[in-house]
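One letter stands for each residue in the lines below.
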Amino acid sequence: MAEAGRPQVRQFVVGPLETNCYVVIDGDKALVVDPGANGADIAAALSGLDVELIVATHGHGDHVGGVAALKQATGAPFAISAADAGRAQSAADNSSHDFGYDANAPAPDRLLAEGDVVSVGGLGFSVIDCPGHTPGGIALYGNGVVFVGDTLFAGSAGRTDLDGGDAGALRRTLMRLKGSIAPDTLVLPGHGEATTMSAELAGNPYLR
Ligand SMILES: [Zn+2]
């Protein structure tokens with residue numbers, strides 16, 4: 001997935017809902033986004049790298065189910081927004097129980113909010129608050145890439161009928177992303193194919 005000017009990003013597709021877990025690598029440092037399951041396997045695949053931080057874009061179980069094992073294996077701190085931290089820790093509140101598996105993340109070590117910068121090696125990514133799919137959804141934007149979790153997908157957008165969903169808030173978030181993400185940005189969603197902001201601006205009905 002590495003292209004000129006963009007960071008090295010590895011992708012793991014994990015869990016029953018085929019969640020995209022992304023790993024940004026800079027030198028021997030790694031940032032893991034959304035380890036939804038298979039935390040021990042992800043840690044093993046990253047052996048030799050120093051995992052500096054584990055970030056969840058939101059608290060749904062399919063995005064946090066691997067955090068505990070990954071944290072245990074790597075010692076890396078876990079970060080999420082304040083608004084989704086409780087949900088991440090409770091399978092009854094993060095839709096995982098309803099989907100037939102229980103995902104309970106550990107308590108966060110760091111709380112993320114709009115304007116914070118998440119860094120890995122020499123790279124920084126800005127936190128953008130993205131309420132709608134859940135109240136505490138965030139995106140990470142920088143270096144020609146945006147990690148959008150379940151806010152925006154190739155040709156579609158996040159559901160708002162799961163725990164914490166709000167269609168009006170999602171609409172406002174999408175309009176905000178439309179105005180703030182550069183068109184040549186690689187969009188890496190929580191499920192499905194990667195896309196670019198220009199492709200979504202041209203063809204995604206949720207951005208009209
Ligand atoms: Zn979700």
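Refer to the preceding data block for the structure.
J.: Would you mind going over the overall build of the chain with me for this structure?
T.: Broken down by element type, the chain carries 6 helices and 14 strands. For 208 residues, the compact-globule estimate of 2.2 N^0.38 gives 17 Å, and the C-alpha radius of gyration of the chain, at 15 Å, lies within 12% of that figure. In the chain, buried positions account for 51% of the 208 residues. Across the chain, contacts joining residues at least 24 apart in sequence account for 57% of those joining residues at least 6 apart.

J.: Can you help me understand helix α5 (residues 167–180) in this one?
T.: Since the α-helix packs 3.6 residues into each turn, any two residues three or four apart lie on the same face. An ideal rise of 1.5 Å per residue puts 20 Å on 14 residues; α5 measures up with 20 Å between its terminal C-alpha atoms. Here the buried face of α5 lies against β11 (152–153) and β12 (156–157).

J.: Got a minute to help me understand helix α3 (residues 67–74) in this structure?
T.: Within α3, burial applies to V67, L70, K71 and T74. On an axial view of α3, the arc spanned by its buried residues comes to 100°, and they lie on one face. Looking at the buried positions of α3, the neighbouring elements they touch are β3 (29–33), α1 (39–45), β4 (50–55), α2 (61–64) and β5 (78–81). G75 sits one or two positions beyond α3 and adopts a positive phi of about 75°.

J.: Can you walk me through the sheet that holds strand β13 (residues 186–189) in this structure?
T.: Across a sheet, strands are paired by hydrogen bonds formed along the backbone, either parallel or antiparallel in direction. Here we have 6 strands laid out as an open sheet, ordered β7-β8-β9-β10-β13-β14, and mixed in their pairing. Among the strands making up the open sheet, the edge pair consists of β7 (117–120) and β14 (195–196). Here strand β10 (residues 145–149) runs beside β13; their pairing, made up of 4 bridges, is parallel. Bridge pairing in β13 places V146 opposite V187.

J.: Whenever I open this one, the pairing of β10 confuses me. Can you help?
T.: On any regular strand, side chains alternate: one points to one face of the sheet, the next to the other face. Counting buried residues along β10, 5 of its 5 residues qualify, which places the element largely inside the surrounding structure. Burial along β10 is two-sided: V145, F147 and G149 facing one way and V146 and V148 facing the other are all buried. Alignment of strand β9 (residues 138–142) against β10, held across 3 bridges, turns out to be antiparallel. The partner of L140 across the bridge, within β10, is F147. Two successive antiparallel strands, β9 and β10, enclose a turn made up of 2 residues, where N143 displays a positive phi of approximately 60°.

J.: How do you make sense of the sheet that holds β5 when you look at a structure like this?
T.: Spatial strand order, β1-β2-β3-β4-β5-β6: 6 strands in an open sheet with mixed pairing. Bordering the open sheet on either side are β1 (8–14) and β6 (110–112), each of which pairs with just one other strand. The mean angle between the axes of side-by-side strands here comes to 25°, regardless of whether they run parallel or antiparallel. Packing against the sheet, α3 makes contact with β3, β4 and β5, and its axis sits at approximately 155° to β4.

J.: Explain the environment of T196 here, please?
T.: Along the polypeptide, T196 turns up in strand β14. In this structure the C-alpha to C-alpha distance between T196 and T185, which are 11 residues apart in sequence, comes to 5.6 Å. Not counting chain neighbours up to four residues away, the residues in contact with T196 comprise D184, T185, L186 and V187.

J.: I'm lost on the nonpolar core in this one. Help?
T.: Side chains of nonpolar character tend, in soluble globular proteins, to be buried together. The biggest cluster of nonpolar side chains holds 59 residues, and the ones touching the most others in it are A30, L31, V32, I54, L140 and V146. Here this core gets 5 residues from one element, more than from any other, and that element is strand β2 (residues 19–26). In this structure V146 touches A139, L140, Y141, I181, T185, V187 and L188, once residues within four positions along its chain are discounted.

Definitions and limits used
- Residues numbered from 1 in each chain as written.
- Predicted model: local features only at pLDDT ≥ 70, side-chain atom pairs only at ≥ 80, totals over all residues.
- Helix = DSSP H or I, 4+ residues; strand = E, 2+ residues; numbered from the N terminus.
- Rg over C-alpha atoms; globule rule 2.2 N^0.38 Å.
- Buried ≥ 20, exposed ≤ 12 C-beta atoms within 10 Å, placed from the backbone.
- Contact = placed C-beta atoms within 7 Å.
- Expected span 1.5 Å × (residues − 1).
- Arc of directions from axis to C-beta.
- Pairing = 2+ DSSP bridges.
- Axes fitted to C-alpha atoms, helices over the stretch in contact; angles between N-to-C directions.
- Core = buried A, V, L, I, M, F, W, Y, C linked by C-beta atoms within 7 Å.

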